[in-house]
Structure formats: structure tokens, C-alpha cells
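Listed below are the residues making up each chain.
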Amino acid sequence: MLNNILAVVFSLCIGLAGYPVSAADFDPRASTRQLIVRLKDDGLRRIQAVRRNDAISDLRLPDGRPLSFVRHFNRNGMVVRLPADVSLEEAERIAEQLAENPSVASAQPDKRVYPALLPIDPEFPGQWHLFEDTAGIHMPVAWDQETGSGSVVIAQLDTGIIPHADLNPARILAGYDLISDAVTANDGDGRDPDSSDPGDATVDDECGVGVPGEDSSWHGLAVAGVMVAESNNAADIAGIDFAARLLPVRVLGKCGGAISDVVDAIRWSAGLPVAGVPINPVPAKVINVSLSGVGSCSFEEQGAINDAVNAGAVVVVAAGNEAIDVATISPANCDNVVTVGAVGRDGRRASYMNTGEEIDLSGPGGDGDAPNANGILTLFNIGSTVPVADTLAEIQGTSFTTAQVSAVVALMWAANGTELNPGIIQNILRSTTRAFPDSSCDPSTCGSGILDADAALAAALDDPTSVFGPTANTNSGGGGCTLVAKGSSRFDPLFVLLLMAAAGLRCCRRRRTNSGFPE
């Protein structure tokens, strides 16, 4: 019976003569050593008696090496083995030649597939926002495309940073403290190169008559955990980007922060000059702004954002958690930013999120009351005023959906830094979202859909310039683009002076820590 199949494939050896198989330099994950060959007519009868590992002597490569029979495949097919691994591209060429023979119905590489990356971090199963079908962002399959690059810097405008066992100090850059008011800074002075978070706890009436005191939020640590917690290290949680470096920039302290500091921080993060502060030597490609204040987008905010985008940075901003019209919340209502809303674990609009046409897309932020909050599991500290000890916390809010989008943008830069710009990235993010599961969200309230990291990365890799750009109004400087216009850019002098009271707290809603300590 073996002679019968040899008669069928005898003439195929000539078709392979142009394609020697060798151990070339290729990605071993994108390679194969096997082909699937389907025969025409009575192929099933012809191959029934062929045994595993039989050499098909008349189906040879140019150097004389034969192909080996592996097994029968689905009626009239067989799987055959090449003498060595080849790239998928070379396997395709060989298969095309086989398919030209009149005795062959089809031939294709028997390509390898792999499980989607699942980090070994013990708390990963609790990070539903990364993998669940309803509201998750499809990170495991996205990680098969890209896990990050140390050349990409994410600037985080927040309360600063504190150490945590699940943060790699080598990935945390020095950053800067740009809080100009010493009382707000709570560290004994104004601006300085120390971006560590001393805590932002307050007492009753400290931030205004009738305003209750709050424990320290450790907001900067929590947001950083979503983006850059160490992954695959068998500890705590998995961050979205495995390699990007974090640039912590302090703008929030006691009772929030001043918009003048935020404006300076946006420019400084992008590598632009700020009076009285050394130039940032590691300009960020992503600027995460998980904060909000009441009012229209001021002239100064818009100018700083435009400058950062023109310098090549993507500015990602939280929609905020006041459950009002986002048109009244800044900088979410500014032009040229990616504004991010939130959905719960069920994919429905989060009850706290600000809504409106200014929102570009939404992500999983959690919703509901304790103990079933279904929040975002991230890094935290048990200290009520100053840092004490590491823990994890489950937290809700658009701060953490914004962090997810920022980390995905960092992966996009890592995957294809040569063809992307801020305008193309925004177009990709909006165009690759998944549809909302019900009518609680639509494009007029929550953006184009739910963040899909896998689809966004695939689009970033697949000829993004021709499909998603250039944008209509491309500025000449620095590769930035004028994006979708959102709110008013009118100068509002009162808003420039406005303290963004509790800005870091309004963008998160803490529920519980897994250590059992009260918050």
C-alpha cells in the first residue's frame, strides 16, 4: 500500500527543488516542521496502510532528504514531517508547490499554536478586567502579540509613588515633584526631584468647611499597579505592560492639586521646558492623567496638551466619577486627549462615571457596593497616613480604566513605534473597541465601545498608517496630530486658579483591601 501513495506523490519532488530546508534565522514560535496534505479521488484508500515515520522516498527535498509520514488526517489527508523546522513563510511556499500537483487537493503548513499567555502571578485570577469576555480587555491574547518595551516611558501625573514588592525599582524612573505649594505637597517643601508619595491624608474641614477628612489614598501606587506591576514573577498581580518604565510626576497632594501644576507637568512629561525645572531627560510617549476638576477646558490646559501631543505623546485622561456631564469636567473635556469612561463587570455603564460625547471609549472600572464591588485589583498600602506595609486593594473608578488604556497604548508603541503617532493611536483605540452589551451605554454617553487590547495591538501592527491615518488635521511639529475636538478651549481665569479638590480621590472609589485592614 505504501507503493500506492508513492506513486501518487512521485512527481512532487521536482516541485520542491527550489526550496531547500535549513535552520534559518526565524522566530521559532512562527515556524513548523509539518505539512497537512490532502489527496484527490481515492486518496483515503491509498494512504490507509501507511505507517507513522515511514519515509516517503519519492517525495524528497533538493538535498535528497525524504519527507516522513506522521499520521492520517480527516479522510483523504495526511500529515507529513519535514527534516527540520522552517519558517511559516517557507512552509507556505513548499505547500503552494505541492498544491499545484494534480494529485493533491490541498496543502498547508501545520502551524504551531500556543496557549494565550497566562501570567503565573497568584492573584491574576482575580483580575477579571484583564480576561473576562463581558467587560474584560482581552489581555491574554494581546500579550501573545506584545508584552512591552523598556524604551517606552509612561508618565503618571498623580500623588507620586511609593515602593511595593510587586513593583520593580529598575522600571521606576526618578520623576519629579511639581507641586508648588508646600502645604499641598505635605513633604516640607515645594517642587523638588523627589516624586515619592508622603501621603495625602486630611482631617475634617482641612479641605473646606464641611469636607470630611480622608485617609491617604495611595492613588499613585494603585494606578501604577494596573499599568506596570511586575508580571510572571509569582507574586501578587500582573501589570498590563511587562517592560515599560514609569515616570512618576507628583501633582496631587493634600486636598487635590492646582491646575497650574498639572499644566506644567504635562509639558515636562513630554520633554518640554518648564521654568525653574530641569528638562525631563526621558520624554514620555504616554501621559496618564487619572484626575479631574470641575469646569471647562482652560486655555492653559489646552495649550499644554497640544504641545505634548505635538511632541509625540498620547495624553490619556479619566472621564471622572461624579456621575455628571463630562462636558463640565476638565481635562476630560479638552481636545486632543483620549478620554476614558468605565463599565462594571457586567458591561453596563458604571453608576459613578461622567458621561457624554467627549468620551472616546470605556474600560472595565468596576461598580457596586462592598462586599460585591467587583473592582479593579491593584497594589496598595495599609498605612492610613504614611506608608506602612504592602497590600492589595480592589478599587473602582475611571482612574483605573484610564490606566488600562495608557498601558495598552504603551504596548502599541512597543509593537510599532515607527508607523504610529498620537492621532493614529486614538483612531485605532476608538475603531477597535467591542460593542457594549446593552443599551446603558452608547457612543453619545460612553464612547465607541469597550477597550479591546488584542484588537488594538493587531491594528497597530497591520499597516496602521493606511488604515487609520494620517488624521485630517496633522500638525507639523513632532509627529503629533489634532484629534477629535471635544470641549471648549475658552480661557477661564477662575478655573486656572481652581484647586482640583480631592482630584485623586474622585477618580477612585476604594472598597476593601484583601488584608482585611479598614480603609
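You'll find the structure just up there.
Residues numbered from 1 in each chain as written. Predicted model: local features only at pLDDT ≥ 70, side-chain atom pairs only at ≥ 80, totals over all residues. Heavy atoms only, no water.

**Focus: the pattern of salt bridges**
Charged atoms that come close allow side chains of opposite charge to pair. What counts is decided by this rule: Salt bridges are defined by distance alone: a side-chain nitrogen of Lys or Arg within 4 Å of a carboxyl oxygen of Asp or Glu. Runs of E in the DSSP output that reach at least two residues are strands. Runs of H or I that reach at least four are helices, and both are numbered from the N terminus. Exposure is judged per residue with a 1.4 Å probe applied to protein chains only, and the accessible area is read against the type maximum: over 50% gives exposed, under 20% gives buried, and values in between give partly exposed.
Scanning the entire structure with this criterion turns up 11 salt bridges. For arginine 191, the salt bridge identified is with aspartate 264, shortest N-O distance 2.8 Å. With arginine 191 in the loop between α7 (182-185) and α8 (219-228) and aspartate 264 in helix α9 (residues 259-269), this residue pair connects regions lying 73 residues apart in the sequence. Arginine 191 sits in the partly exposed class, given a relative accessible area of 27%. The class of aspartate 264 is partly exposed, set by a relative accessible area of 22%. A single network of salt bridges, built from pairs that share partners, joins Asp177, Asp187 and Arg250.

**Overview of the packing of aromatic side chains**
Quick reminder of the rule: Stacked, tilted and edge-to-face pairs are distinguished by plane angle, under 30 degrees for stacked and over 60 for edge-to-face with tilted covering the rest, among Phe, Tyr and Trp rings (Trp via its six-membered ring) whose centres lie within 6.5 Å.
The full count for this structure, using the stated rule, is four aromatic pairs. On the basis of an interplanar angle of 45° and a centroid distance of 6.3 Å, the ring pair of phenylalanine 124 and tryptophan 143 is categorised as tilted. Residue phenylalanine 124 is located in the loop between β5 (104-109) and α5 (128-131), and its partner tryptophan 143 is located in helix α6 (residues 139-143); the two are separated by 19 residues in the primary sequence. The pair formed by phenylalanine 124 and tryptophan 143 is uniform in burial state, with each residue classed as buried. Taking the centre distance of 5.6 Å and the plane angle of 50° together, the rings of tyrosine 176 and tryptophan 268 count as tilted.

**As for the pairing of strand β8 (residues 245-250)**
Rules: For two strands to be treated as a pair, DSSP must find no fewer than two bridges joining them.
With five of six residues buried, β8 lies mostly within the body of the structure. With six bridges connecting them, strand β6 (residues 153-158) and β8 associate as parallel partners. In the strand pairing of β8, valine 153 is matched with arginine 245. Both strand β7 (residues 176-177) and β8 contribute to a ladder of two bridges, which runs parallel. Bridge pairing in β8 places tyrosine 176 opposite valine 249.

**Some details on the packing of helix α11 (residues 398-415) against helix α13 (residues 453-461)**
The condition is simple: Axes here mean lines fitted to C-alpha atoms, for a helix over just the part in contact, with angles spanning 0 to 180 degrees between N-to-C directions. Working rule for angles: under 35 degrees goes down as roughly parallel, over 145 as roughly antiparallel, 65 to 115 as roughly perpendicular, anything else as oblique. Throughout, a crossing is termed right-handed when the near helix is turned clockwise from the far one, and left-handed when it is turned anticlockwise from it by less than a right angle. In this analysis, two residues are considered to be in contact whenever any of their non-hydrogen atoms come within 4.5 Å of each other. In the scheme used here, Gly and all other residues not listed as nonpolar or charged are polar, with Ala, Val, Leu, Ile, Met, Phe, Trp, Tyr, Cys and Pro taken as nonpolar and Asp, Glu, Lys and Arg as charged.
Where α11 contacts α13, the two axes come as close as 9 Å, and the packing angle between them is 25°. Accordingly, the angle class assigned to the pair α11 and α13 is roughly parallel. Note that α11 runs across α13; the crossing there is right-handed. Contact with α11, carried on its side by Val408, Leu411, Met412 and Ala415, involves Ala453, Ala456, Leu457, Ala460 and Leu461 of α13 and no other residues of that element. Of the residues assigned to the contact of α11 with α13, the class counts are nine nonpolar, no polar and no charged.

**Observations concerning helix α10 (residues 299-310)**
Note on helix geometry: an α-helix contains 3.6 residues per turn, so any two residues three or four positions apart are oriented the same way. To keep things clear, this is the line we draw: The span expected for a helix works out to 1.5 Å for each residue beyond the first. This arc is taken over the directions from the axis of the helix to the C-beta atoms.
With 12 residues, α10 ought to run about 16 Å at 1.5 Å a step, and its terminal C-alpha atoms sit 16 Å apart, in line with that. Those residues of α10 that sit buried are Glu301, Gln302, Ala304, Ile305, Ala308 and Val309. Seen end-on, α10 carries its buried residues on one side only, within an arc spanning 165°. Note on α10: the residue one or two positions beyond its end, glycine 312, has a positive phi of about 105°.

**Focus: the state of the cysteines**
Our working definition: Criterion for a disulfide: a pair of cysteine sulfur atoms at a distance within 2.5 Å.
Using the criterion set out here, one finds three disulfides in the structure. The disulfide bridge from cysteine 297 ends at cysteine 334, spanning 2.0 Å between sulfur atoms. Its torsion about the S-S bond being 100°, the disulfide of cysteine 297 and cysteine 334 is classed as right-handed. Note that cysteine 297 is positioned in the loop between β10 (293-294) and α10 and cysteine 334 in the loop between β12 (329-330) and β13 (338-343), a separation of 37 residues in sequence.

**Structural notes on helix α12 (residues 422-431)**
Note the following rule: Polar contacts, as counted here, are pairs of nitrogen or oxygen atoms within 3.5 Å of one another; within protein the pair requires one atom able to donate a hydrogen and one able to accept it, and residues that are adjacent in sequence qualify only if both atoms are side-chain atoms.
Extensive coverage of α12 is indicated by the burial of seven of its 10 residues. Three or more residues of α12 are buried, namely Pro422, Gly423, Ile424, Ile425, Gln426, Ile428 and Leu429. Where α12 begins, one side-chain oxygen reaches toward the backbone nitrogen of glycine 423, 2.9 Å away; that side chain belongs to asparagine 421.

**Some words on the sheet that holds β6**
Spatially, β7-β8-β6-β9-β11-β13-β14 is the arrangement adopted by the seven strands of the open sheet, whose pairing is parallel. Each edge of the sheet is formed by a strand with only one pairing partner; in this case those strands are β7 and β14 (361-364).

**Here we look at the nonpolar core**
For the record, the criterion: Residues belong to a common nonpolar core when they are buried Ala, Val, Leu, Ile, Met, Phe, Trp, Tyr or Cys residues joined through side-chain atoms within 4.5 Å.
Judged by nonpolar contacts, the single largest core of 111 residues is most densely connected at Met139, Leu157, Ile287, Met412 and Leu429. Among the elements that line this core, the one with the most residues is α11, at 11 residues. Aside from chain neighbours lying at most four places away, what touches leucine 157 is Val249, Val251, Val262, Ala265, Ile266, Ser269, Ile287, Asn288, Val289, Ser290 and Leu291. Residues Val80, Leu82, Leu98 and Val104 belong to the second largest nonpolar core, which totals 15 residues.

**Focus: unusual backbone geometry**
The residue after serine 330, namely proline 331, is reached through a cis peptide bond having omega 5°. Position of proline 331 among the secondary structure elements: in the loop between β12 and β13. Residues other than glycine seldom take positive phi values, yet aspartate 205 does so here, at roughly 75°. By secondary structure assignment, the location of aspartate 205 is in the loop between α7 and α8. Since its relative accessible area comes to 46%, aspartate 205 is described here as partly exposed. In this structure, alanine 234 takes a positive phi of about 60° despite not being glycine. For alanine 234, the location among the structural elements is in the loop between α8 and β8.

So yeah, pure geometry; function would need other evidence.
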